[in-house]
Structure formats: C-alpha cells, structure tokens
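Close look at the chain arrangement
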Amino acid sequence: MKVDQATNILITGATDGIGLLLAHLYLAQGANVVITGRRDAKAVEQVIPKDAIYIQANQEHPQITADLITKAMTEIGWDHCDLAILNAGNGHVCNPLQENPEAIRDTLNVNLVAPILIARTLVRFLDKAHHGKLVFIGSTSHKGAAKFASYAASKAGLHGFARSLREEWHHRITVLIIHPGPTATGMHAKAGFDAGAMKRLFFDPDYVARTIVASIHKGASPVSIGVFARIKQALSLRKNPVSAGDI
Amino acid sequence: MNILITGAVAGLGRALCEKLLDEGHNIIAIDINKDGLEELKKQRGDLLDVIQVDLTISDAVSRLIETLAKGTRFDLVVLNAGINATGNFEENPGEAYRRLLTINTETPIIMASAMIGGNMMETGGTVVFVSSLSHATGYPGASVYAASKDAIATYASSIRRACARMNINILTIFPGPIKTDHAARHAPKGADAERRMAPNRLAFLVLNAVSQRKHDLYPGVIAKLTNVAGRLLPAFLTRLMRRIVFEKLDKPTY
C-alpha cells in the first residue's frame with residue numbers, strides 16, 4: 001500500500017529508539033502518525049516529531065493503555081487505522097533466579113499483556129482500513145536468553161500470539177512479527193546492561209528501522225533481523241532497504 | 001518427597017496428586033476449587049495439605065509464596081494450573097485474557113523464580129512447567145493461550161542452565177489435548193474425546209520424565225510426531241490448526 005495523507009499509523013513506544021525512527025520515516029512519507037510513550041507530554045516535547053500526535057500511556061497498565069489509545073484515535077476523528085506497530089517494550093538484566101517479582105510483572109505487562117489487549121481494541125479500526133496491518137516488534141531473544149529470562153518469555157509469547165493470530169485473521173488483517181537483534185538504542189542501558197565491547201556488534205538503529213519498514217511493506221512473518229542481516233549490512237548490500245512511499 | 005502441585009483438583013494435577021499419594025509422598029495441593037480441595041483432603045488427609053488460592057490474582061500469588069516459604073523445602077513442584085480462552089480473538093473480554101496470562105504465564109514464572117531463588121527447593125529437586133503442544137503448531141482460535149504457553153516454554157529454557165548449577169532440574173511438558181472437562185469445553189465441534197490422552201497416562205509419563213531428569217517431554221507418539229512436523233513445516237501446521245480447530249469453534253468461551 002502507498003502511504004499518503006489518508007494513511008493512519010499508530011506506533012507505540014515511539015519517544016526514542018526504533019519507535020521514534022519509525023515515526024520519522026512514516027511522517028516523512030506523509031502519513032498521519034499517532035505515537036505513545038510512558039513519559040509526560042511536556043517531558044518529551046523536545047524529542048518527538050511535531051507532526052505526530054502524542055498519547056501518554058504506561059503499558060504497565062495494559063487495559064487502561066488500550067482504552068486511552070482508542071479514545072484518542074476516536075477524538076482526533078480516525079475511523080480506521082491502516083498500520084499499527086506495537087513496538088513499546090522494556091526489560092531488565094539480572095541473574096535469572098534473582099529477578100524481582102515486580103520487575104517480572106512489569107515486563108510481562110508492558111511486552112505481552114498490553115500488546116494483546118491493544119490489538120483487541122484496535123480490531124475495529126484495522127477492519128475499516130483497506131488492508132490493515134498489525135505489526136509486533138519482538139526480539140531475537142524470543143528463543144531464550146539466560147540474562148533476560150522474563151523478557152525472552154514475553155517476546156516468545158508475542159511470537160506465539162502473532163503466529164496464531166496471523167492465521168486466524170488470514171485475508172482480513174495482516175499480522176506480522178519482526179524480531180530485531182541487539183540494536184544500539186538506549187534499551188540496554190535502561191535495562192541495566194553494559195554491553196562493553198559487544199556494543200560495536202550492535203545494529204545501527206536507523207538500519208533496523210528501515211529494515212522494519214521494508215519488512216512491513218513485504219508482509220512476510222516472522223522476520224528476524226539477525227545474523228544474515230548483519231552479514232548484509234557488513235557487505236553494504238542493502239544500505240537503504242526502503243523504497244520511498246511504500247509501507 | 002515433599003511435593004507442590006498447582007491446579008490439583010482436576011486433570012493432570014489430580015492424576016499426579018493421586019499417584020503420588022499412593023506412593024506415600026507429602027503433597028501441598030493448590031487450587032481455586034474449595035469443594036474439590038476438601039474432597040481430596042477427605043480422601044488422604046494424612047499426607048495432604050490443601051491451600052485455596054486464585055492464581056489469576058498477583059497479590060494472592062505473592063501471599064502464597066510467603067506462606068510456602070515458612071514450610072519445608074520441596075523436591076518436586078508442578079506448576080500445572082492453567083486456563084484457556086477460545087473463539088474469535090476479539091470476542092473474548094480483555095479481562096479474560098488478563099486472567100489467562102496471569103495464571104498461565106506470570107504466576108508460574110513468579111513462583112519458580114521465588115522458590116528456586118529463595119532456596120525453597122531441595123538440591124536434586126525438579127520444577128515442572130506445563131506448556132502445550134500448541135508450542136509446535138500454533139493455535140488459531142486460542143492465540144492468547146498459545147502466547148501464554150510459548151512464553152512459559154521460553155522462560156523454562158532460559159533459566160535451565162542456572163538451575164542446573166544448583167542441581168535443580170527444569171522439565172517442560174508439551175501435552176496435546178487431555179481428557180478433561182476443561183478440554184471438552186474448549187474443543188472444536190465434532191472433536192473425538194476418545195482421542196485425548198487420559199490424565200492418568202499423562203501423569204505416568206510426567207513422573208517418568210521427572211525421575212529420568214529430562215528437560216522436555218512431548219508425551220505420547222502423536223505429540224512427538226507433531227513436534228517434528230512443527231519444526232519442519234511450521235506455517236503448514238498452523239494452517240492445519242486453523243482448519244481443524246478455529247473454523248469449527250462456534251462461540252467465544254473463557
């Protein structure tokens with residue numbers, strides 16, 4: 001589908017990192033973009049694109065977030081949503097057997113329960129779009145990670161949810177899950193993880209965002225931005241995977 | 001052995017309870033069903049303690065862990081309690097999904113983490129997580145259930161190595177349909193109940209896997225074959241599940 005002024009796009013967790021880059025990419029193509037973040041609107045004023053509409057919503061409270069998003073979309077007069085990218089996520093690093101129960105609950109709520117409940121309330125907006133797309137941002141750790149046990153679990157849940165829902169909504173709404181590998185955003189620092197020299201191996205966030213846009217355009221799922229993408233990036237075969245004007 | 005079983009009143013939990021009581025082990029049985037627990041207690045009160053808890057409520061789980069921490073250490077913990085929600089994804093209430101994700105995913109993670117990390121397990125003990133055969137196939141018509149069971153499988157594999165260093169084994173089981181009232185309620189129309197595995201048979205296979213210190217159990221030949229098929233042809237198997245399950249579900253059920 002072509003992006004134009006009638007294209008409505010929701011991106012959660014878009015006040016920094018990959019979400020913010022995605023918002024910039026789609027705004028540059030002329031779409032209407034609604035973004036969410038957990039911080040107060042004042043605190044993110046300087047950071048977020050001025051053309052985007054901001055909704056403050058903390059996904060630690062999944063149903064409240066889902067309701068806030070649909071309420072705001074209705075208020076600005078959206079009757080449909082062409083593309084929803086459920087990107088917001090958090091994580092924490094620790095010994096897998098010393099995880100704080102509150103941190104486990106927050107991780108599961110933000111990364112798994114909230115996207116599921118948001119997807120549920122978004123159905124009527126996605127159904128009204130011509131070919132609605134619902135995109136989940138997972139992680140290559142969804143197959144398991146000792147230092148991020150509950151984070152990996154939440155992303156595995158998201159993977160399984162997307163897999164089954166994609167089949168359930170076949171020919172109705174395209175459901176995708178994209179698993180980025182480690183990316184040089186603020187996520188690791190926020191999670192309390194010092195990657196040290198490993199940082200040099202992390203993906204460039206801009207490259208990841210552009211690869212996500214290209215994957216959404218293709219519609220294949222699941223997609224991992226992992227070892228193969230790293231080789232391609234190193235060989236500079238795909239410096240700019242996005243063809244302008246498409247989502 | 002000292003044993004903890006959640007969801008002990010029906011299905012696999014009940015079958016495990018009865019087998020282990022027959023072998024003379026001490027059990028703490030947890031369930032939401034008070035009458036069911038009392039009935040169990042009447043049968044074998046000498047070896048059995050029962051605690052009624054709603055494992056869909058986070059605070060109740062935290063209180064349960066505090067209570068358990070005061071008791072003896074466990075040789076075997078079976079985190080079995082779980083629920084389903086079937087039908088068109090958007091037709092079940094959000095609260096049903098919140099409850100499902102709490103009892104199927106959050107609660108076993110919180111309990112395992114607290115019990116292993118909090119020194120509540122005996123050395124050489126085992127924690128059993130109950131995932132599902134849907135881990136191999138996908139489960140259109142129960143996408144949130146599928147999510148909850150994939151999450152728990154990945155949690156189990158993520159902590160396995162750290163637990164092995166403490167000589168605690170993590171066993172994940174991936175059962176297909178079991179012959180229970182719960183499965184019957186969520187089954188597609190026309191499904192043959194006779195083809196579901198009897199809880200007693202499953203309990204036998206689980207206890208064997210516990211004593212052999214296995215990591216994963218796909219119980220029975222059909223589950224084993226399905227797992228292989230799911231690895232080779234994941235998209236095909238999910239499509240097949242759409243035909244045999246999703247398209248035959250007639251109403252939202254939670």
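Predicted model only: the values in this text are computed from it and were never measured. (Residues numbered from 1 in each chain as written. Chains lettered and ligands numbered in written order. Predicted model: local features only at pLDDT ≥ 70, side-chain atom pairs only at ≥ 80, totals over all residues. Heavy atoms only, no water.)

**Observations concerning unusual backbone geometry**
- The omega angle of the peptide bond from A:S221 to A:P222 is -5°, so this bond is cis rather than trans.
- Position of A:P222 relative to the elements: it lies in the loop between α7 (205–218) and β7 (223–225).
- Despite not being glycine, A:H171 shows a phi value in the positive range, around 70°.
- Under the relative-accessibility criterion, A:H171 is labelled exposed at 77%.
- Phi at B:N167 is positive, roughly 60°, even though this residue is not glycine.
- With respect to the helices and strands, B:N167 occurs in the loop between α6 (143–164) and β6 (169–173).
- You can call B:N167 partly exposed: its relative accessible area is 38%. (Helix = DSSP H or I, 4+ residues; strand = E, 2+ residues; numbered from the N terminus. Buried < 20%, exposed > 50% of the residue type's maximum accessible area, 1.4 Å probe, protein only.)

**Section: the environment of B:S148**
Residue and element names in this part refer to chain B.
- Residue placement: S148 occurs in helix α6.
- What makes S148 buried here is its relative accessible area of 0%.
- Linking S148 and N208, residues 60 residues apart in sequence, is a C-alpha distance of 25 Å.
- Apart from the residues within four sequence positions on either side, S148 is in contact with L100, L101, N104 and T105.
- Of the polar contacts made by the side chain of S148, one reaches the side chain of N104; its length is 3.1 Å. (Contact = heavy atoms within 4.5 Å. Polar contact = N/O pair within 3.5 Å; in protein donor to acceptor, adjacent residues only side chain to side chain.)

**Observations concerning the packing of helix α5 (residues 149–168) of chain A against α6(B)**
- Running from N to C, α5(A) and α6(B) cross one another at 150°; their axes reach a closest spacing of 7 Å. Here α5(A) is positioned roughly antiparallel relative to α6(B), judged by the angle of their axes. The two elements α5(A) and α6(B) cross, and the hand of that crossing is right-handed. Along the contact surface, α5(A) presents A:A149, A:S150, A:A152, A:A153, A:A156, A:G157, A:G160, A:F161, A:S164, A:L165 and A:E168, while α6(B) presents B:S143, B:V144, B:A146, B:A147, B:D150, B:A151, B:T154, B:Y155, B:S158 and B:I159.
- Among the residues making up the contact of α5(A) with α6(B), the classes are represented as 12 nonpolar, seven polar and two charged. (Axes fitted to C-alpha atoms, helices over the stretch in contact; angles between N-to-C directions. Parallel < 35°, antiparallel > 145°, perpendicular 65-115°, else oblique. Left-handed = near helix turned anticlockwise from the far one by under 90°. Nonpolar A, V, L, I, M, F, W, Y, C, P; charged D, E, K, R; others polar.)

**Some details on α7(A)**
Residue and element names in this part refer to chain A.
- Taking 1.5 Å of rise per residue, 14 residues should cover 20 Å, and α7 covers 20 Å from first to last C-alpha, within 8% of that figure.
- Buried residues of α7: P205, Y207, V208, A209, T211, I212, V213, A214, S215 and I216, and no others.
- A positive phi of about 85° marks G219, the residue just after α7. (Expected span 1.5 Å × (residues − 1).)

**Some remarks on the nonpolar core**
- A:L134, A:F136, B:I116, B:V127 and B:F129 are the most contacted members of the largest nonpolar core, which has 86 residues in total.
- A per-element tally of this core places helix α4 (residues 101–128) of chain A first, with 13 residues.
- Excluding anything up to four places from it in sequence, B:V127 contacts B:V77, B:L79, B:A112, B:I116, B:M121, B:I168, B:N169, B:I170 and B:L171.
- Counting 33 residues, the second largest nonpolar core, distinct from the first, contains A:I9, A:L25, A:I216 and A:I225. (Core = buried A, V, L, I, M, F, W, Y, C linked by side-chain atoms within 4.5 Å.)

**Section: the sheet that holds β7(A)**
All names here are of chain A.
- Read across the open sheet, the seven strands follow the order β3-β2-β1-β4-β5-β6-β7; overall the sheet is parallel. Both edges of this open sheet fall to β3 (53–56) and β7, since each of them pairs with a single strand only. Averaged over all neighbouring strand pairs, the angle between strand axes comes to 15°, with direction disregarded.
- Sheet analysis places strand β5 (residues 133–137) next to strand β6 (residues 174–180), joined by five bridges and oriented parallel. When the sheet's bridge partners are listed, I137 is paired in β6 with I178.
- Its contacts with the sheet put helix α1 (residues 17–28) on β1 (8–11), β2 (32–37), β4 (83–86) and β6, and the angle it makes with β1 is roughly 170°.
- The strands touched by helix α3 (residues 62–75) within the sheet are β1, β2 and β3, with β3 carrying the most contacts at an inclination of about 150°. (Pairing = 2+ DSSP bridges.)

**What about the sheet that holds strand β2 (residues 26–31) of chain B?**
Residue and element names in this part refer to chain B.
- If you trace the seven strands from one edge of the open sheet to the other, you get β3-β2-β1-β4-β5-β6-β7, paired in parallel fashion. The open sheet terminates on both sides in strands that have one partner only, identified here as β3 (48–52) and β7 (216–217).
- Of the strand pairs in this sheet, strand β1 (residues 2–6) and β2 are connected by five bridges, and their pairing is parallel. From the neighbouring strand, L4 faces β2, where its bridge partner is I28.
- Of the strands in this sheet, β1, β4 (74–79), β5 (121–130) and β6 are in contact with helix α4 (residues 94–117), which crosses β5 at around 175°.
- Sitting on the sheet, helix α8 (residues 199–211) is in contact with β4, β5, β6 and β7, with an inclination near 155° to β6.

**Considerations on the side chain of A:K155**
Residue and element names in this part refer to chain A.
- With respect to the helices and strands, K155 occurs in helix α5.
- Buried within the structure, K155 lacks any salt-bridge partner; D16 is the closest side chain of opposite charge, at an N-O distance of 12 Å.
- With sequence-adjacent residues up to four places away left out, K155 is seen in contact with N111, I137, G138, S139 and H142. (Lys, Arg positive; Asp, Glu negative; His and termini not counted. Salt bridge = Lys/Arg side-chain N within 4 Å of Asp/Glu carboxyl O.)

**Focus on the interface of chain A and chain B**
- In this assembly, 37 residues from chain A lie in contact with 48 residues from chain B.
- Roughly 3200 Å² is buried in total at the junction of chain A and chain B, and carbon and sulfur atoms are behind 63% of that figure.
- One can count three salt bridges joining chain A with chain B.
- Salt-bridge contacts for A:E167 lead to B:R239; the nearest nitrogen and oxygen are separated by 2.3 Å.
- Run the count over chain A and chain B and you get 17 residue pairs in polar contact (both at pLDDT 80 or more).
- Of all the secondary structure elements, the ones that give two or more residues to the side of chain A that touches chain B are α4 and α5 of chain A.
- Among the elements that take part in the side of chain A that touches chain B, α5(A) stands out by supplying 13 residues, more than any other.
- Here the residues of the side of chain A that touches chain B are counted per class, giving 20 nonpolar, nine polar and eight charged. (Buried area = accessible area lost by both parts, 1.4 Å probe.)

**So, the confidence of the model for chain A**
- With 93% of its residues at a pLDDT of 70 or more, chain A has an overall mean of 91.
- In the model, residues 242–247 of chain A has pLDDT below 50 throughout and makes 23 contacts with residues more than four positions away in sequence or in other chains. (pLDDT = per-residue confidence, 0-100.)

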